[in-house]
Amino acid sequence: DSGVTQTPKHLITATGQRVTLRCSPRSGDLSVYWYQQSLDQGLQFLIQYYNGEERAKGNILERFSAQQFPDLHSELNLSSLELGDSALYFCASSLKAGSYGYTFGSGTRLTVV
Amino acid sequence: GQSLEQPSEVTAVEGAIVQINCTYQTSGFYGLSWYQQHDGGAPTFLSYNALDGLEETGRFSSFLSRSDSYGYLLLQELQMKDSASYFCAVSSRSNDYKLSFGAGTTVTVRA
């Protein structure tokens, strides 16, 4: 157990639907990152939050949004889902915004059918 | 932006040594990290270099040459459990220090 909790572990949904992925960072970590990993691909950065505030954005689609709550857990919302959104979505956390040692959660495997 | 290049696959036998190279292009380079990911699992942090030279952690070592924009991960005394994907990741001041990952190298260890 890395200390970063992601739910759900698996999600199967239809095209056009909306889903919410949840992440609880490791205790004490203030920064949360979301990454997308498609089949046999690298980790694509989506968005970063630090202590409740959006810190950085990657190539995140407009259909995707995220937030970090006062208790530091974060949610990634994916809407108008397309087949190509099927991927592993990882959440990671670190103590500071500039840390190099991220702790990753076990991911949410999203399948859009 | 950032770009990283690493080989897509490496195969070796148990007990051998494998070197995974990573070349990067970024402005405001800060450091190079390495992560291991077993099939579909969570990436786990292995090593970090901010200065030139070699960092050793057990059977794994990582090297950085800032002037050459190059680094490598060295896996020694390979074991079957080392079969996994290995990602280099760069952090830079221009990217607010967040990690940008390479496409990953799949290491297959054979008996």
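For the structure, see preceding data.
Quick caveat: nothing in here was measured; it's all calculated off a predicted structure.

**Q** What's the story with the overall build of chain B in this structure? I'm lost.
**A** For chain B, the count of helices and strands is zero helices and eleven strands. Reading chain B from its N end, one meets helices and strands in the order β-β-β-β-β-β-β-β-β-β-β. Here the C-alpha atoms of chain B give a radius of gyration of 13 Å, agreeing with the 13 Å that 2.2 N^0.38 yields for 111 residues. Along the first, second and third principal axes, the C-alpha atoms of chain B reach 45 × 30 × 20 Å.

**Q** Looking at this structure, I do not really get the pairing of strand 8 (residues 74–78) of chain A. What am I missing?
**A** Looking down a regular strand, the side chains alternate between one sheet face and the other. Residues and elements named next belong to chain A. Most of strand 8 sits out of view: five of its five residues are buried. Across the two faces of strand 8 the burial is the same, with Ser74, Leu76 and Leu78 and Glu75 and Asn77 all buried. Of the strand pairs in this sheet, strand 3 (residues 19–24) and strand 8 are connected by five bridges, and their pairing is antiparallel. Within the sheet, the bridge partner assigned to cysteine 23 lies in strand 8 and is serine 74.

**Q** When you look at the sheet that holds strand 7 (residues 64–68) of chain A in this model, what are you seeing that I'm missing?
**A** Note: strands within a sheet are paired through backbone hydrogen bonds, in either parallel or antiparallel orientation. Residue and element names in this part refer to chain A. Ordered by their spatial adjacency, four strands build an open sheet running 1-3-8-7, and the pairing between neighbours is antiparallel. Of all the strands in the sheet, the pair left with one neighbour each is strand 1 (5–7) and strand 7. Each strand of the sheet is rotated relative to its neighbour by a mean of 15 degrees, with strand direction disregarded. As paired elements, strand 1 and strand 3 share three bridges and run antiparallel to each other. Looking at strand 3, one finds that glutamine 6 is bridged to cysteine 23.

**Q** Would you mind going over the packing of aromatic side chains with me for this structure?
**A** For any pair of aromatic rings, the description rests on two quantities: the centre-to-centre distance and the angle between the ring planes. Taken as a whole and assessed by the stated rule, the structure comprises 21 aromatic pairs over all chains. Taken together, a centroid distance of 6.5 Å and an interplanar angle of 50 degrees make the contact between A:Tyr35 and A:Tyr102 tilted. Separated by 67 residues along the polypeptide, A:Tyr35 in strand 4 (residues 31–37) and A:Tyr102 in the loop between strand 9 (87–94) and strand 10 (103–104) bring together distant segments of the chain. Across this residue pair, the class does not change: A:Tyr35 and A:Tyr102 are buried. Among the aromatic side chains, those forming a connected cluster through ring pairs are A:Tyr33, A:Tyr35, A:Phe45, A:Phe90, A:Tyr100, A:Tyr102, A:Phe104, B:Tyr35, B:Phe45, B:Tyr48, B:Phe87 and B:Phe101. Just above the ring of A:Tyr50 sits the side chain of A:Arg55; from NZ or CZ to the centre is 5.8 Å.

**Q** Explain the environment of A:Phe64 here, please?
**A** Residues and elements named next belong to chain A. As for its placement among the helices and strands, phenylalanine 64 is situated in strand 7. Exposure remark for phenylalanine 64: the relative accessible area of 6% places this residue in the buried category. Counting along the chain gives 16 residues from phenylalanine 64 to serine 80, while the straight-line C-alpha distance between them is 9.0 Å. If we skip the residues at most four places from it in the chain, phenylalanine 64 touches Gln36, Asn77, Leu78, Ser79, Asp85 and Tyr89.

**Q** Sorry, what's going on with the pattern of salt bridges here?
**A** Note on pairing: side chains with opposite charge can pair once their charged atoms come close. If you walk through the whole model with that rule in mind, you get five salt bridges over all chains. With its nearest N and O atoms 3.9 Å apart, the salt bridge here joins A:Arg22 to A:Glu75. Pair noted here: A:Arg22 is in strand 3 and A:Glu75 is in strand 8, with a separation of 53 residues, a long-range link. The class of A:Arg22 is partly exposed, set by a relative accessible area of 33%. Between B:Arg59 and B:Asp82 there is a salt bridge, with the nearest N and O atoms lying 2.7 Å from each other. You can see B:Arg59 sitting in the loop between strand 6 (53–57) and strand 7 (60–65) and its partner B:Asp82 sitting in the loop between strand 8 (70–75) and strand 9 (84–92), a full 23 residues away along the chain. Relative accessible area serves as the criterion here: at 2%, B:Asp82 is assigned to the buried category. Ionic contacts of the salt-bridge type, sharing partners, join the residues A:Arg63, A:Glu82 and A:Asp85 into one network.

Criteria and thresholds
Residues numbered from 1 in each chain as written. Chains lettered and ligands numbered in written order. Predicted model: local features only at pLDDT ≥ 70, side-chain atom pairs only at ≥ 80, totals over all residues. Heavy atoms only, no water. Helix = DSSP H or I, 4+ residues; strand = E, 2+ residues; numbered from the N terminus. Rg over C-alpha atoms; globule rule 2.2 N^0.38 Å. Buried < 20%, exposed > 50% of the residue type's maximum accessible area, 1.4 Å probe, protein only. Pairing = 2+ DSSP bridges. Axes fitted to C-alpha atoms, helices over the stretch in contact; angles between N-to-C directions. Phe/Tyr/Trp six-rings, centres within 6.5 Å; stacked < 30°, edge-to-face > 60°. Lys NZ or Arg CZ within 6 Å of the ring centre and 35° of its normal. Contact = heavy atoms within 4.5 Å. Salt bridge = Lys/Arg side-chain N within 4 Å of Asp/Glu carboxyl O.

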